[in-house]
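Letter by letter, the chains look like this.
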Amino acid sequence: MDHLTVIDGGLAGLTAAITAAEAGARVTLYEAHHTLGGRARTAHGPYRTDNGPHTLYGGGPHWTWLKQRGLTGPLAPVPARESARLRLHHRGVLRRTPPLSLIRLLRRDARQAPVDADFLSWASAWTGEEDARAAAHYSAVTLFHHDPGSLSAAFVQERLRRAVRMPAEARHPRGGWSTVVDRMAARAWNLGVRVETLSRVDALPDRRGPVVVATSLDSARRLLRDDSLIWTGGRTALVDLALRTRRGDPRALSDLDAPGRLDRPTAWDRTLAPAGEQLVQGQFPIAADESRDDGAVRAEHLLDLAFEGWRERVTWRRDAVALGRTGAVDPPGATWRDRPALDRGDGVYLAGDQVAAPGMLSEVSFNSALEAVALAFGIRERLDLKRA
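Residues numbered from 1 in each chain as written. Predicted model: local features only at pLDDT ≥ 70, side-chain atom pairs only at ≥ 80, totals over all residues. Heavy atoms only, no water.

Observations regarding helix H6 (residues 129-138)
Since the α-helix advances by 3.6 residues per turn, residues separated by three or four positions end up pointing in the same direction. What counts is decided by this rule: Exposed residues in this analysis have more than 50% of their type's maximum accessible area, buried residues have under 20%, and partly exposed residues fall in between, with area computed by a 1.4 Å probe over protein chains only. Per the convention used, a helix needs a DSSP run of H or I reaching at least four residues, while a strand needs a run of E reaching at least two, with both numbered from the N terminus.
With respect to burial, H6 is a largely interior element, seven of its ten residues being buried. Buried within H6 are the following residues: Asp-131, Ala-132, Ala-134, Ala-135, Ala-136, His-137 and Tyr-138.

As structure tokens, then:
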């Protein structure tokens, strides 16, 4: 079988490398950073924060693929006492239950939502504009877009329903995302994948076979000199805090008045912060004309409402902006099939979370990597490719 070159060692790159090596290919993977993982890295030190919003969903093929190979590792389930500590910010106050109209909307089959209409217009016909907007804002947990109501109704409704599905699909690897990356890297090495870290690729290498470019779409556009490699993603203000522990803090707080969410990951994984401290991570989508500080103001407003005395309890804080880290979003009239095609010709293929592959969040990276390898070697019949 031919040689495969993989550029970038994030989730997509590692998936492509493992898949090709399992099929018998010789694989070389180039990673510009000194460690693998890309945007799925977890910070070292006492506060193990993931690099932006990440969630594994158990209902997708990515989860099955990881589980079949023993790559999921130990999980951190939400304890029963924490499961009821979800709070919703709606009409300026905190509540424990969603609006009834939102529940009715969630019962709408995702297949009934049109591709060509925006979510807000479609949902308003069923629930009224105010509750439709609340539902759109709740969907930010999977979209991280500043105006989710403006996106395709079919796109938003599918993700909204998966986000609230019971039992919950979300899976939390104990120790953060880097533990999954470490297991994937170990499997790649054991399969004979040659991994070259600190190896930035500024031009396609000498061709010994097909190439999978598993970088961000911006980096792929520069590398391939292809100005058509553009798609819409989200822009998100990140607020990470460590607080001294206090009983009664919510597990999560979702904003229905504007897109945004606070999570307390130490509610299910105590390894993420030192004893006596809690880790809180906030993700607040912001528009192009908004700043990191605008997101921080919204985060602090929710903290004031739900985390009593949080300002006096802070032991560590970090603010940042994530640009395009949460994958592609589809405007009205578009589906994943309209995103940049994986096959770029002449044996070059794309993989990542903003290209033409189905799924949600990291599932897009996984599906595109599998498809890219199948296209590169013509081995579709040997891979379990699932379609959405």
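Here we look at the pairing of strand E2 (residues 26-30)
Every regular strand shows the same layout, with side chains that alternate between the two sheet faces. Rule in force here: By the convention used here, strands pair only if DSSP detects at least 2 bridges between them. By definition, the crossover connecting two strands over a helix is right-handed if that path, from the first strand to the second, turns clockwise as seen with the strands pointing away from the viewer.
Within E2, four of the five residues are buried, which leaves it mostly tucked inside the rest of the structure. Note: strand E1 (residues 3-7) against E2, five bridges, orientation parallel. By the bridge assignment for E2, Ile-7 is matched with Tyr-30. This β-α-β element, E1 to helix H1 (residues 11-22) to E2, shows right-handed connectivity.

Comments concerning the environment of Pro-285
The test is simple: Throughout, a residue-residue contact means that at least one pair of heavy atoms, one from each residue, lies within 4.5 Å.
Structurally, the position occupied by Pro-285 is in strand E12 (residues 277-285). Residue Pro-285 is classed as buried on the basis of its relative accessible area, which comes to 1%. The sequence separation of Pro-285 and Ala-140 amounts to 145 residues, and the corresponding C-alpha distance is 7.8 Å. With near-sequence residues (within four places) excluded, Pro-285 lies in contact with Ala-140, Phe-144, His-145, His-146, Arg-235, Thr-236, Pro-259, Gly-260, Glu-290 and Arg-298.

Notes on the sheet that holds E2
Under the convention used in this document: To get an axis, a line is fitted to the C-alpha atoms, and for a helix only the part in contact is used. The angle between two axes follows their N-to-C directions and goes from 0 to 180 degrees.
Here six strands make up an open sheet; going across it, the order is E7-E2-E1-E8-E15-E14 and the pairing mixed. Of all the strands in the sheet, just strand E7 (194-196) and strand E14 (343-345) have a single pairing partner and so form its edges. Averaged over neighbouring strand pairs, the angle between their axes works out to 20° when direction is ignored. Bridge analysis of E1 against strand E8 (residues 211-213) gives three bridges, and the strand direction is parallel. Paired with Val-6 across the strands is Val-212, a residue of E8.

Some remarks on the packing of H1 against helix H9 (residues 177-190)
Put simply, the rule reads: Working definition: roughly parallel below 35 degrees, roughly antiparallel above 145 degrees, roughly perpendicular at 65 to 115 degrees, and oblique for all remaining angles. A clockwise turn of the near helix away from the far one marks a right-handed crossing, whereas an anticlockwise turn of less than a right angle marks a left-handed crossing. Under the scheme applied here, ten amino acids are nonpolar (Ala, Val, Leu, Ile, Met, Phe, Trp, Tyr, Cys and Pro), four are charged (Asp, Glu, Lys and Arg), and all others, including Gly, are polar.
Two elements in contact, H1 and H9, have axes separated by 9 Å at closest approach and are oriented at 30°. On the basis of their axis angle, the class for H1 and H9 is roughly parallel. Regarding H1 and H9, the two cross each other, and that crossing is left-handed. The segment H1 lies against H9, with Leu-11, Leu-14, Thr-15, Ile-18 and Glu-22 engaging Trp-177, Val-181, Met-184, Ala-185, Arg-187 and Ala-188. Of the residues that constitute the contact of H1 with H9, the class distribution is eight nonpolar, one polar and two charged.

Points about the packing of aromatic side chains
Using the following cut-off: Ring geometry is summarised as follows: Phe, Tyr and Trp rings, the Trp one being its six-membered ring, pair when their centres sit within 6.5 Å, and such pairs are stacked at plane angles under 30 degrees, edge-to-face over 60 and tilted between the two.
One pass over the full model with this rule turns up three aromatic pairs. Note on Tyr-47 and Trp-316: the rings are 4.9 Å apart at their centroids and 20° apart in plane angle, and the pair reads as stacked. Placement of Tyr-47 in the loop between E2 and strand E3 (56-57) and of Trp-316 in strand E13 (residues 314-328) is noted, with a sequence separation of 269 residues between them. Classification of Tyr-47 as buried rests on a relative accessible area of 13%. Overall, Trp-316 belongs to the partly exposed group, its relative accessible area being 23%. Where Phe-119 meets Trp-122, the ring centres are 6.0 Å apart and the plane angle is 55°; that geometry is what we call tilted. One end of the pair is Phe-119 and the other is Trp-122, both in helix H5 (residues 119-127) and three residues apart, which spans about a single turn.

Interpretation in functional terms is not warranted from these geometric data alone.
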